[in-house]
Amino acid sequence: MLRSAQQQSLSPDQMSELQRATHLALDVQASVSQGRRRETFMTGLVNTVHDMTVPSSPDALLKVVTSRARRLLGFDMAYISLRDADDNSYVHSSDGDTTALNVGLVVRKKRGLSDLVLTSGAPFWSTDYLNDDRIPHWSEVDDVVRAEGLSAIMAVPIHRESDIIGVLYGANRVVRHFTPDEISVMRSLADFASVALEKVELLDRTRTQIAELESLGARSRVTVARLTDLGDAQSRLTSMVLDGSDLPQLAGAAARTLGAGLVVSDAYGQILASAGDVDGLGEAVTDRAVLEAQAAGGPILLSPGRWASPVSAGAENLGIVVLRCDGELDADARRFLRFTGQAVAMLLVIQRSTAVAAGPVRDEFFDELLAVPLRAPHRLASRAQRLHVNLEEPYVIVVVRPEGGEHGKAVVWASSYSHRCRGLKTVRDGRIVLLLPGSDASAAARAVSDELSPSMAQPPTVGAAGPATGLSSVSRLHLEAQRSLDALTVLGESGTAASMADLGFLGLLLSDDRDVDGFVASAIGPLLEQDAERGADLIGTVEAYFAAGQSPTHAAEALYIHANTVARRIERVTGLLGPGWQKGERAVEVQLALRLLRARGVLRQQREAALGAPAPGRGSGGAGGPRPPRAP
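Definitions and limits used
Residues numbered from 1 in each chain as written. Predicted model: local features only at pLDDT ≥ 70, side-chain atom pairs only at ≥ 80, totals over all residues. Heavy atoms only, no water. Buried < 20%, exposed > 50% of the residue type's maximum accessible area, 1.4 Å probe, protein only. Helix = DSSP H or I, 4+ residues; strand = E, 2+ residues; numbered from the N terminus. Pairing = 2+ DSSP bridges. Axes fitted to C-alpha atoms, helices over the stretch in contact; angles between N-to-C directions. Parallel < 35°, antiparallel > 145°, perpendicular 65-115°, else oblique. Left-handed = near helix turned anticlockwise from the far one by under 90°. Contact = heavy atoms within 4.5 Å.

Trainee: Is there a simple way to explain the pairing of strand β1 (residues 77–83) in this structure?
Mentor: The side chains of a regular strand alternate between both faces of the sheet. β1 sits mainly inside the fold: 6 of its 7 residues count as buried. In terms of strand pairing, β1 meets strand β6 (residues 163–172) through 6 bridges, oriented antiparallel. Residue pairing across strands places M77 opposite A171, the latter belonging to β6. Across 6 bridges, β1 lies against strand β2 (residues 89–95) in antiparallel orientation. Within the sheet, the bridge partner assigned to A78 lies in β2 and is D95. The hairpin turn running from β1 into β2, its antiparallel successor, is 5 residues long, and D87 in that turn takes a positive phi close to 70°.

The following block contains the structure:
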């Protein structure tokens with residue numbers, strides 16, 4: 001329009017007015033265009049804020065910022081660099097790049113635009129980066145700028161409070177200038193990036209804290225459940241003690257609760273009860289372990305995987321509880337182990353008190369059972385029932401003679417032992433007499449000796465007899481047990497333990513029932529069976545062998561057979577009776593059995609002759625001498 005007016009030859013005033021109107025129109029157009037541009041910027045910023053409200057990772061949020069910066073401001077390329085722990089900068093994310101050189105590039109301190117921004121804390125831009133002498137160039141950065149074909153670059157700091165944590169860049173591949181509005185928008189986007197990073201870090205910290213709280217809650221629930229279980233177990237142990245459970249039951253319950261092997265021993269290291277896998281725990285029970293546990297007053301670590309806790313009543317040392325576990329024993333388990341020691345102590349004290357309280361009544365009853373003759377059996381049977389003494393089941397009698405002048409200590413021990421074994425105890429003529437349930441007198445004698453010996457200066461002498469049943473057999477077994485003990489004394493074996501069965505033929509001679517058949521069968525029974533089945537005459541050969549001073553040649557002459565035949569028979573006898581039958585006590589027992597057998601045969605023939613019955617071998621063409629009977 002202005003050119004057209006110049007061609008129409010307008011007056012100077014008209015031309016001036018027209019020029020002023022034209023400039024005014026251009027100003028209005030620029031103002032409207034700038035308003036629209038600012039509106040676009042604001043819309044873009046609002047959309048950026050909206051995009052950042054969606055939970056995302058730091059990579060995704062920074063990608064939103066670079067992408068929005070490139071589209072809003074018409075950049076060819078936008079990217080963000082962050083500071084690392086060494087105060088260098090590295091390119092984290094990029095948008096619009098055409099090579100793979102930019103992302104991950106590390107820019108050292110005092111290099112590139114980032115150094116200028118970090119130093120000044122304000123935006124910095126260059127219309128032609130490669131030719132700008134204000135910038136501390138670095139070859140690696142220049143190579144990337146050259147490869148991307150960039151010219152104009154703007155850098156804006158990303159602040160977090162007073163610190164600069166990174167830089168937002170916008171770049172074009174042509175030389176250009178940046179307007180204040182563009183710089184302002186870039187600063188707003190940089191602020192958005194800072195907020196986005198802070199929000200993500202806060203979310204990450206929150207998630208981490210939530211995960212830690214959940215883990216802590218899970219551990220707390222496990223701990224509470226564990227404490228509840230241990231508390232219930234403690235209540236069960238207490239109830240077991242009050243209900244009269246025995247020590248093995250208590251040890252088993254504690255071992256199951258802890259899932260480990262457990263051993264209870266007395267103050268002298270003698271194991272009283274065990275439960276679970278106790279392999280190797282016996283070696284851990286030593287005097288030193290007992291003293292260390294008592295000194296500590298609570299659970300101590302003896303060796304890897306082995307713990308001990310004292311069993312004590314006040315200042316009295318009753319023993320220790322030893323535990324073996326595969327893993328570490330936590331504080332709660334150690335507290336339960338300590339309580340187990342206390343529960344064992346309560347049980348031992350209760351048992352001892354019960355034994356002491358019931359002792360006089362039970363001792364009096366036992367004394368009446370030992371009386372000869374037995375008085376009022378019906379009344380005694382009724383008393384046995386009231387005292388929970390079952391004499392219809394097999395029992396044995398054990399007589400103990402303490403050695404070394406420690407009679408009182410042995411009597412106290414015997415009271416507790418008989419109570420634990422549900423037996424009876426009394427004292428006669430300085431000897432302790434025990435009636436114990438069981439069918440093996442030898443095992444009972446050894447058990448009494450093994451448990452009593454550690455607490456005595458000298459091992460006691462222990463004799464035993466049995467088994468038997470019924471009221472009337474008590475006094476008889478008592479006499480046999482005393483004979484066993486006296487026999488040990490005569491033999492010079494004080495401090496040992498034995499029963500009638502252990503004394504061999506001496507026990508047979510001392511025994512009231514004199515089980516001759518049993519003795520003969522135990523000594524030469526296999527020979528009797530062979531003779532009965534095969535007619536080998538091994539019995540006659542052995543008799544001749546001993547009569548000839550164990551000379552096969554002389555025995556062959558007496559039997560009118562060849563010496564080799566005797567030698568072969570002797571080998572068969574050794575195979576049946578085992579090596580050593582020709583020597584020492586074995587030889588004496590075999591010869592005694594042969595004599596008993598011969599004597600019984602003679603007596604049987606005499607008895608049958610008196611009754612008019614034909615004796616074996618008479619009238620039948622057989623040998624006239626008595627033949628040994630078959631094994632009983």
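Still more ground to cover, so stick around.
Trainee: Help me out: how do you make sense of the sheet that holds strand β15 (residues 461–468) in this one?
Mentor: Remark on secondary structure: sheet strands pair via backbone hydrogen bonds, oriented parallel or antiparallel. In space, the 5 strands of this open sheet follow the order β13-β14-β12-β15-β16, with mixed pairing throughout. The sheet terminates laterally at β13 (424–428) and β16 (497–499), the two strands that pair on one side only. For this sheet, the mean inter-axis angle between neighbouring strands, taken without regard to orientation, is 20°. Both strand β12 (residues 395–401) and strand β14 (residues 431–437) contribute to a ladder of 6 bridges, which runs antiparallel. Residue pairing in the sheet places V396 in a bridge with L436 of β14.

Trainee: In this structure, what is going on with the packing of helix α12 (residues 407–420) against helix α13 (residues 441–452)? I would like to understand it.
Mentor: Two packed helices can be described by the angle between their axes and the distance between those axes. Between α12 and α13, the least distance of the axes is 11 Å, while the angle of their chain directions is 130°. Judged on the interaxial angle alone, α13 and α12 are oblique. In this structure, α12 meets α13 at a crossing whose hand is right-handed. For the pair formed by α12 and α13, the contact residues are A410, W413, Y417 and R420 on the first element and A447, V448, E451 and L452 on the second.

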